[in-house]
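# Residue-level structure breakdown
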Amino acid sequence: MKKGHIYKINGQERFFQIVGFFGGDFVLAPMNQEEEQVLIYSREEMSDFIKSGYFSRTNPTNKK
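Small disclaimer: the values here were computed from a predicted structure and weren't measured.

### A word on the overall build of the chain
- A tally of helices and strands in the chain yields one helix and five strands.
- Starting at the N terminus and walking to the C terminus, you meet the elements of the chain as β-β-β-β-α-β.
- Relative to the 2.2 N^0.38 estimate, which gives 11 Å for 64 residues, the radius of gyration of the chain is 11 Å and therefore close to what a compact globule would have.
- Each principal axis of the C-alpha atoms in the chain carries an extent, and together these give about 30 × 25 × 15 Å.
- Within the chain, the proportion of its 64 residues that are buried is 31%.

Below you can see the structure in the form of structure tokens.
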């Protein structure tokens, strides 16, 4: 997980990009123009979300 990586919430058309870090936590910004709230998750939380299938990493070309 690095700055610039894009993640999709599975089952939804919501995409977030890692835009930086706050301490050791990831800061994800929505790629949808209408959303303004960022998400902040620890490394452990992000790993759990990916393992559970809530988030999946994607490429910008996959975004609709």
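### Some words on the side chain of K8
- With respect to the helices and strands, the residue K8 is situated in strand β1 (residues 6–9).
- Summary of buried charges: K8 has no salt-bridge partner, and the nearest side chain of opposite charge, E13, is 4.1 Å away.
- In terms of polar contacts, K8 uses its side chain to reach the backbone carbonyl oxygen of Q12, at 2.5 Å.
- Setting aside anything within four residues of it in sequence, one finds K8 in contact with E13, R14, F15, Y54, F55, S56 and T58.

### Some points on the nonpolar core
- Judged by nonpolar contacts, Y7, I9, F16, I18, F26, L28, L39, Y41, M46 and F55 together constitute the single largest core of 10 residues.
- Put simply, the parts of the chain that give this core at least two residues each are β1, β2 (14–22), β3 (25–30) and β4 (39–41).

### Regarding the side chain of S42
- Along the polypeptide, S42 turns up in the loop between β4 and α1 (43–52).
- Beyond its immediate chain neighbours, meaning those up to four positions away, S42 contacts D25 and F26.

### Examining the pattern of salt bridges
- Inspection of the entire model under this criterion finds one salt bridge.
- One salt bridge in this structure joins R14 and E35, with 3.0 Å as the shortest N-O distance. Of this pair, R14 sits in strand β2 while E35 sits in the loop between β3 and β4, placing them 21 residues apart in sequence.
- Take R14: its relative accessible area is 28%, and that puts it in the partly exposed class.
- Its relative accessible area of 23% is what places E35 among the partly exposed residues.

Basis of the calculations
Residues numbered from 1 in each chain as written. Predicted model: local features only at pLDDT ≥ 70, side-chain atom pairs only at ≥ 80, totals over all residues. Heavy atoms only, no water. Helix = DSSP H or I, 4+ residues; strand = E, 2+ residues; numbered from the N terminus. Rg over C-alpha atoms; globule rule 2.2 N^0.38 Å. Buried < 20%, exposed > 50% of the residue type's maximum accessible area, 1.4 Å probe, protein only. Lys, Arg positive; Asp, Glu negative; His and termini not counted. Salt bridge = Lys/Arg side-chain N within 4 Å of Asp/Glu carboxyl O. Polar contact = N/O pair within 3.5 Å; in protein donor to acceptor, adjacent residues only side chain to side chain. Contact = heavy atoms within 4.5 Å. Core = buried A, V, L, I, M, F, W, Y, C linked by side-chain atoms within 4.5 Å.

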